[in-house]
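For reference, the chains in residue letters:
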Amino acid sequence: MRLTLSEPRYLKDSVSIISDLVNEARFKITPEAVELVAMDPANVAMVIFKLLSTTFSEYDVKGATELAINLTNLKMILKRAKPEDVVTLELSTDNKLTVLLQGNTTRTFSIPIIDVEEKEQKIPDLSFTATVRTKSSIFNEAIEDAEIVAESVSLLGTPERFTVVAEGDMSKARVDIDKNAATDILVKAASVKSKYSIEYLKMMMAASKLADNVDIHFSKDYPLRLDYKVVDKLLLSFILAPRVEND
Amino acid sequence: MRLTLSEPRYLKDSVSIISDLVNEARFKITPEAVELVAMDPANVAMVIFKLLSTTFSEYDVKGATELAINLTNLKMILKRAKPEDVVTLELSTDNKLTVLLQGNTTRTFSIPIIDVEEKEQKIPDLSFTATVRTKSSIFNEAIEDAEIVAESVSLLGTPERFTVVAEGDMSKARVDIDKNAATDILVKAASVKSKYSIEYLKMMMAASKLADNVDIHFSKDYPLRLDYKVVDKLLLSFILAPRVEND
Amino acid sequence: MRLTLSEPRYLKDSVSIISDLVNEARFKITPEAVELVAMDPANVAMVIFKLLSTTFSEYDVKGATELAINLTNLKMILKRAKPEDVVTLELSTDNKLTVLLQGNTTRTFSIPIIDVEEKEQKIPDLSFTATVRTKSSIFNEAIEDAEIVAESVSLLGTPERFTVVAEGDMSKARVDIDKNAATDILVKAASVKSKYSIEYLKMMMAASKLADNVDIHFSKDYPLRLDYKVVDKLLLSFILAPRVEND
């Protein structure tokens, strides 16, 4: 196996974001893509990551390989890659993952392959009443607005408007995002509302540095799915359990 | 009551500065201005704030209203206003203050009106021996210079020179600011000197982000008054009790 | 004694770097230069500093003077100097060091001359097997790469390649720097290797802000010497004891 990236940021930023949710995870490397599906330790959030082979300048993979590593270790190494560095991932003979950063100098890091006992995660088959596509910066700001008054946020969809509402002990915040050039809304109900943890949303929203738009899918008291996509390059999706009203 | 600001920074920066000195305060809203006079909890400093109606793009106030709120809450909301956002303040029917931020999206915050038991503060009638007008950046730097050697600073005025002096256990600092194009000095004595807390001065000096100049008024062992003004827009003044020599 | 600097950064940055290694130190001021040789309190590192008289716009020194001061105090004062300030050092009659910063205003700081009991440090006469001259940024990055896996680093020299290697409990890092336009290597052996503390190296590497290149001298299990030079202005050198393999 030998994978080379000329634009390290897709892997670097993705690993950095994912490592905030899951510390250790198993990558599945197939001739089509590098993939990862993992639950956070609290079983509240799932992350689904796919980095397509077309993102790589060299992609030499025969058959499917599984590779579990400590994401914090990998993140720290990838952080050392400068934007112009060429990054190569290899499996070394002593069962380590070798990360080569090539620029002015050649830097070689090796990190151990670990055992992850966790069984393979299935991506749940969800069907949503509300789908909103908007700029990831607009969604980020709405959640950051909500954060100053509360720890959880209600997402509210109607056919013409997507609303983010938070109620603290004292103060309230409400962000109204209307259907317009920047925001597409598809809600198959008069109104749909569900509540989620802001702490988790903030970890997920960091994916806005990778993709300009986000697809937000939700239903009444039902999981949320956020999709961040870069065409022909990557998909970074998150599923987040709802907070029930008596939280 | 409905007040709209097209340049939110005058309110935003003022509230941020004031909230470092007083946590809860009562605004008085008259047809001429939004005003606030408050003492800090330690009774060492007073803040006097006036935001003129001419600063607002819409100023719909009938009669005088009093409105006490938690300034930290208001600060956090105003911090969410981007420079290009239009900010509107309204009293809602359920006795809350509504803050609307309008830009790409419409964001509505509401914070409770609170009861502040404190009696109305009178602005003391002070008369000063020394008055110095200088760039607020020059005054800031002098206080920051003093801060590296001590916790209090003596201001010393003579007809031709304004001097900031600090003496620590070991080291001393002295900043001489001469009368010149940037600095105007009026001292009605051969020499006048008084000592103040640097910690408080630093909270007040933050008003330099609003006004290029500061008027510094003091007398021997007497309160200090700092005035930061933006013509036709705002006044932010502070009165600070002196430190007596045996502090 | 009266010393004036029009470019304060050579003294400012040097004192800032040195003060991380030694808190109190004795300067020797001769007609040729301001010099300092000091050991860190743990006796692991030595710093050798020479600021040539040609760096100063005014250099009035008769005979040799010794002058011990608290470097943290001096650092804090020099940090207050803006790049365009003229900095003057004088000995005042009450046995204090006076630091004048002249810009818009005149700022005068005085700090006490202290007694340092420590005997005069002799610079050890070392002879090295390996000498590498490279860009200080390249050396910095190699040490920062090593830092993410371990607390100490091995420097490895061969006639054609300088290698920085670190081994943590789990991960490894290796940076290969080949002889080329940016890097000159002189190794008088087939191979030479020695191990040093990354914590100390990082304090020393801060000198990269003063000099574009660094001369790295080492031998097998022997002290390291780093030289940062600015021609006709300054020398900032560090000697660091090796870590023996059973560290």
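See the structure above.
Computed from a prediction, not measured in an experiment: that's the story for all the values here.

## Thoughts on helix α2 (residues 71-79) of chain C
Residue and element names in this part refer to chain C.
Phase 1: Among all positions of α2, only Leu71, Leu74, Lys75, Ile77 and Leu78 are buried. Projected down its long axis, α2 shows its buried positions confined to an angular sector of 165°, all on one face.
Phase 2: Against α1 (9-21), β2 (24-29), β6 (65-70), β7 (86-91), β8 (96-102) and β9 (106-112) lie the buried residues of α2.
Phase 3: The N-capping residue of α2, defined by a side-chain oxygen 2.9 Å from the backbone nitrogen of threonine 72, is asparagine 70.

## Concerning the side chain of aspartate 215 of chain B
Residues and elements named next belong to chain B.
Phase 1: Mapped onto the secondary structure, aspartate 215 falls in strand β16 (residues 213-218).
Phase 2: In terms of polar contacts, aspartate 215 uses its side chain to reach the side chain of arginine 133, at 2.7 Å.
Phase 3: In this structure, aspartate 215 is in contact with Val132, Arg133, Arg225, Leu226, Asp227 and Lys229, ignoring residues within four places of it in sequence.

## Side note on the interface of chain A and chain C
Phase 1: Taken together, the 14 residues of chain A in the interface contact 13 residues of chain C.
Phase 2: Across the interface of chain A and chain C, roughly 1,300 Å² is buried in total on both sides, 50% from carbon and sulfur atoms.
Phase 3: There are 4 salt bridges connecting chain A and chain C.
Phase 4: With a shortest N-O distance of 2.5 Å, lysine 82 of chain A and glutamate 141 of chain C are connected by a salt bridge.
Phase 5: In this structure, the connection of chain A to chain C is made through 9 residue pairs in polar contact (both at pLDDT 80 or more).
Phase 6: When residues of the side of chain A that touches chain C are traced back to their parent elements, those giving at least two are α2 (71-79) and β9 (106-112) of chain A.
Phase 7: A per-element tally of the side of chain A that touches chain C places β9 of chain A first, with 7 residues.
Phase 8: Looking at side-chain class alone, the side of chain A that touches chain C contains 5 nonpolar, 5 polar and 4 charged residues.
Phase 9: Of the pairings in the sheet, the one linking β9 of chain A to strand β13 (residues 172-178) of chain C comprises 5 bridges and is antiparallel in character. Counterpart to threonine 106 of chain A in the pairing with β13 of chain C is aspartate 176 of chain C.

Thresholds applied
- Position labels on residues start from 1 in each chain and follow its written sequence.
- Naming scheme: in the order in which they are written, chains are lettered from A and ligands are numbered from 1.
- Totals for whole chains, interfaces and linings use all residues, but because this is a predicted model, local features are given only for residues with pLDDT of at least 70 and pairs of side-chain atoms are given and counted only at 80 or more.
- In computing side-chain properties, one takes all heavy atoms of the structure into account and sets aside hydrogens as well as water.
- Relative accessibility thresholds used throughout: buried, under 20% of the residue-type maximum; exposed, over 50%; partly exposed, between the two (1.4 Å probe, protein chains only).
- Here a strand is any run of E in DSSP of at least two residues, a helix any run of H or I of at least four, and the numbering for each starts at the N terminus.
- This arc is built from the directions going out from the helix axis to the C-beta atoms.
- Only heavy atoms matter for contacts: two residues are in contact if any of them lie within 4.5 Å across the pair.
- Distance and chemistry together define a polar contact, namely a pair of N or O atoms within 3.5 Å, with one atom able to donate a hydrogen and the other to accept it when in protein, and with adjacent residues in sequence counting only for side-chain atoms on both sides.
- Two parts placed together each lose some accessible area under a 1.4 Å probe, and adding up what both lose gives the buried area.
- One side-chain nitrogen of Lys or Arg within 4 Å of one carboxyl oxygen of Asp or Glu is enough to make a salt bridge.
- Under this grouping Gly is polar, as are all residues other than the nonpolar Ala, Val, Leu, Ile, Met, Phe, Trp, Tyr, Cys and Pro and the charged Asp, Glu, Lys and Arg.
- Paired strands, as defined in this entry, are two strands with at least two bridges between them according to DSSP.

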